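Report on the structure
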Amino acid sequence: MIKFEKFTLSNGLRVIVHKDESTSIAAFNLLYDVGARDESESRTGFAHLFEHLMFGGSVNIPNFDQPLQRVGGQSNAFTSNDITNYYITVPTANLETAFWLESDRMLDLAFTDKSLETQRSVVVEEFKQRYLNQPYGNVWLLLRPLVYKKHPYKWATIGKEISHIEQATMEEVKSFFYKHYSPENAVLTVSGNIEFDEVRRLSEKWFGPIQRKSGYNRSLPHEPKQQEERLLEVYRNVPASAIYKVFRMPGRMHKEYYIVDLISDILARGESSRLHQELVKEKKLFSEISAYVNGSTDDGLLVISGKLSQGVGMDEANESIVNVLDELVLNPVTEIELTKVKNKAESTRVFSEMSVLNKAMNLSIFELYGDANLVNLEDQNYAEVSVQSIQNSAKSLFRKENTSTVYYHAKN
Amino acid sequence: MPKISEFDLDRSIAPAEANISVNDIIRSQTTEFSSGLVLHHIDAGSQEVVRIEFEFRAGSRYQNKPLLAEFANRLLVKGTITKSAQKVAELIDCYGAFLETEIDKDRASLVLFSLNKYVDKVLPVVLDVLMNPAFSESELDLYKANQVQKMLVEQDKVSYLSRKKFNKELYLTDHPYYGHFTVEDVQHINAEDLKAFYTEHYRDKGVEVYMAGCAKPELVRMVGEMVNSAGMSFMDRPQEIRTNWIDAEVGAQHFVEKQNALQSGIRIGRFVDVYRGGEGFVGLQVLNTLFGGYFGSRLMSNIREDKGYTYGIGSALYTCDDASILFMVTEVGAEVTKASLKEIYFEMNRLVQEKVSEKELSLVKNYMGGAFLKSVDGPFELMERYKMLKRSNLGYDYYESYIESLNQVTAEQILSLAQKYLDKENFLEVVAGKNM
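What comes next concerns the included structure. (Residues numbered from 1 in each chain as written. Chains lettered and ligands numbered in written order. Predicted model: local features only at pLDDT ≥ 70, side-chain atom pairs only at ≥ 80, totals over all residues. Heavy atoms only, no water.)

The helix and strand tally for chain A stands at 15 helices and 11 strands. A compact globule built from 412 residues should have a C-alpha radius of gyration of about 22 Å, and chain A, at 23 Å, falls within 12% of that. Across its three principal axes, chain A shows a C-alpha extent of roughly 60 × 45 × 35 Å. In chain A, which comprises 412 residues, the share counted as buried stands at 64%. In chain A, the share of contacts with a sequence separation of at least 24, taken over all contacts with a separation of at least 6, comes to 81%. With the model as given, the accessible surface of chain A reaches about 15,100 Å², and the carbon-plus-sulfur share is 48%. (Helix = DSSP H or I, 4+ residues; strand = E, 2+ residues; numbered from the N terminus. Rg over C-alpha atoms; globule rule 2.2 N^0.38 Å. Buried < 20%, exposed > 50% of the residue type's maximum accessible area, 1.4 Å probe, protein only. Contact = heavy atoms within 4.5 Å. Areas by Shrake-Rupley, 256 points an atom, 1.4 Å probe, with all protein chains shown as cover.)

So, on to a negative patch on the surface. Residues and elements named next belong to chain A. On the surface, E233, D315, E316 and E319 cluster together to form a negatively charged patch. For the negative patch, the element with the most residues is helix α11 (residues 314-330), which contributes three residues. Here E233 lies in strand β7 (residues 230-236). Classification of E233 as partly exposed rests on a relative accessible area of 41%. (Patch = residues over 30% accessible without salt bridge, like charges linked within 9 Å, V, L, I, M, F, W, Y side chains within 5 Å. Salt bridge = Lys/Arg side-chain N within 4 Å of Asp/Glu carboxyl O. Lys, Arg positive; Asp, Glu negative; His and termini not counted. Charge placed at Lys NZ, Arg CZ, Asp CG, Glu CD.)

Turning our eyes to something else, we now look at the nonpolar core. Counting residues in hydrophobic clusters, the biggest one holds 72 residues, and the most contacted among them are I268, V286, L287, I344, I414 and L422 of chain B. When residues of this core are assigned to domains, at least three fall in each of domain 1 (29-228) and domain 2 (253-433) of chain B. Residues in contact with L422 of chain B, not counting those within four places in the same chain, are L287, L326, M348, L351, V352, L417 and F427 of chain B. In terms of nonpolar packing, the next biggest core, distinct from the first, is built from 59 residues, A26, A47, V190 and F196 of chain A among them. (Core = buried A, V, L, I, M, F, W, Y, C linked by side-chain atoms within 4.5 Å. Domains from an automatic or database assignment.)

A separate point is the sheet that holds strand β2 (residues 38-43) of chain B. Residues and elements named next belong to chain B. Pairing is mixed across the open sheet formed by six strands, whose spatial order is β1-β2-β6-β3-β5-β4. In this open sheet, the two edge strands, each paired with only one partner strand, are β1 (29-32) and β4 (98-103). With strand direction ignored, the average angle separating the axes of adjacent strands in the sheet is 20°. The pairing of β1 with β2 spans four bridges and is classified as antiparallel. Residue E32 lies in a different strand from β2, and its bridge partner there is V38. (Pairing = 2+ DSSP bridges. Axes fitted to C-alpha atoms, helices over the stretch in contact; angles between N-to-C directions.)

Attention now goes to the interface of chain A and chain B. How big an interface is tends to be stated in terms of the accessible area lost upon association of its parts. Counting residues at the interface gives 76 residues for chain A, matched by 72 residues for chain B. Taken together, the two surfaces of chain A and chain B that pack against each other cover about 6,300 Å², and 55% of this comes from carbon and sulfur. A per-residue breakdown of the area chain A buries against chain B is headed by R70, N133 and F351 of chain A, which together make up 12% of the total. Across the chain A-chain B interface, the total number found is six salt bridges. Residue K117 of chain B is joined to E346 of chain A by a salt bridge in which the shortest nitrogen-to-oxygen separation is 3.0 Å. Across the chain A-chain B interface, the total number found is 34 residue pairs in polar contact (both at pLDDT 80 or more). In terms of residue class, the side of chain A that touches chain B is built from 23 nonpolar, 31 polar and 22 charged. (Buried area = accessible area lost by both parts, 1.4 Å probe. Polar contact = N/O pair within 3.5 Å; in protein donor to acceptor, adjacent residues only side chain to side chain. Nonpolar A, V, L, I, M, F, W, Y, C, P; charged D, E, K, R; others polar.)

By themselves, these are just geometric observations and shouldn't be taken as functional.
Structure follows, in structure tokens:
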């Protein structure tokens, strides 16, 4: 249970405060409601490129990092298809520095051509390092457009292609900022050994004067229901063939999310899980296998991926996974197995709440979903999942026409 | 005081900064039990969870075959004499617990993470794993096959290729840390090797037990008594003395070809004859941070933030019982490999030639002070610090005076440390990538 208080500034910025007396570090988490799904298809990778630029100085403060480092703080950020999240940890006594820095880069930007040029290169190198110069690194660039035909989830956060990043102009950067980096489009969470009134005072002082920018009304194309099984085969220079199977599922705030999350745990969490036990240990068809849900806000994905053991054929590997999935469709899981994955979900949450930063991130994200207190209902949502609901979800999830598969063949 | 309005808020001025100080560092306590068990425990944090670590002197330095120590560590959890690997995994998983293995050059561990309420259920399984591991042929064969494939995947990465070559070249072949292996070495490990390694380095040499989290006296007693009666042997040897094996030849340059690589993996490093608690150690930590140890470092500012050659570049000071290594690592665009090397050495040389400004030095020290505060925040972090003290034969005064030690580092010291350690000629350089 994470206790918190919240308020909203007149400019629309939502602020959440969580007190944790056991720590001497304060976490400051500012989430903006903008992700790769808000990009235009001809300028993908922009939300993420913009995140890099946010470290390039703001209207009154030429350098973001140095003043923070000077007071013992650290900062970073990440971008997903749904959100852009900036976070700072700092010795509690120097918390105000975080307010000063983050409010100034919400107020207005001061990016130079030089910083745009440099960060374009940095992101291009990131593109290479994470997606192109790694074995299997490009698989999400293949999977997304296979599953999504209309919804902007069809491109990855890094972007569809390098040229989109290389061609980004300063004008585009500016209009992106005015469109999305507005106080009513953000959620701030501060956690640590701090008082609510102090956070309120600092929020009013630093964020209060910031005006709303032009509004953005998200209106994304709905992804139509998948009607057919999809298969993509590619041949690459990788040491072992791999298979990726993805199934469309409801978004993060849907009740069924919890059911499907537990299904993924039954399938592949820990060594006692079904896919691991049957396909890695007993049949030795895979050297490794995993399953997870990606937790996206709009309709998301259950992903199963595995690397084939030497000498195993792709169809055989595929069929073996399908058989394990069919088992879930045909027969109810035991109460013991369900309890096992529920216990794991609970302990994962309890361990994650050891960190003030994790707590701050979760509060921001759930507030964006509608109410920060939803974070405290997670255990209950998992607890309510029944044997019957697992079987029902498996039935709708693992239909052929809800399946997209990539055969990632090793050349030679 | 007048109310602050938008107009009198000067955003160009930073808020007042407070000096970073560490109040009380929560210390590890020890409780002794009849069998000789000394349980180290820290009670801290807000969550009802606990991490229990069983640590052995069973790192890679003790192996007589490549990969043996790692295989023994990983296969420890793959079943006991009476329980299959599947059964062990189930018994841990069903209580939402996590059982992990860890290994480095000196030590190997089995680590249990559990909610407090289930410790009494999962600990007996862990003790069975520790006392009666099976090391079965079938588990070994499966592990071998899967490891071979993982290695082949790794060998496709320039970061791995440069790291592996670096480690091979850094140590002389008779150095205890020389851990080079090939894919073929996997086949030479058999179950008898594992059992012999286990007997010598796990069962008979003794264990140290560390518990951190919500570790109230009742739980300490319960855990202590369960471990106490398991029949283990406990560590009765003092910490080994450093042997200072620094005699490998460095200063060489190596290239590992990887065709069609879009980026090159670079690793450059050397031994340094300093150790935690010794002369110059904190100074060298400051020098490392300045050079490549944080986001605003010289390497990041130049090679990422100015040139855009890389997504990330960093340096680190790595210490183990018998060696300290200063190294830097990055992946850069293939076409800017040479240009990046030039800038890396340029930054090294700049530290050798020019004294760091007071402004930059104080920024680095403050940054490190904040990072230190973070490193003693939370029960698991506190236990890591305690283990570090123990293996370095240091007391808590080392951490209690750490901020002070940081503050005493001067620009002159940094310059002389740079002159001593940042000479290009003594660095081992490895580049993995395409031939340009």
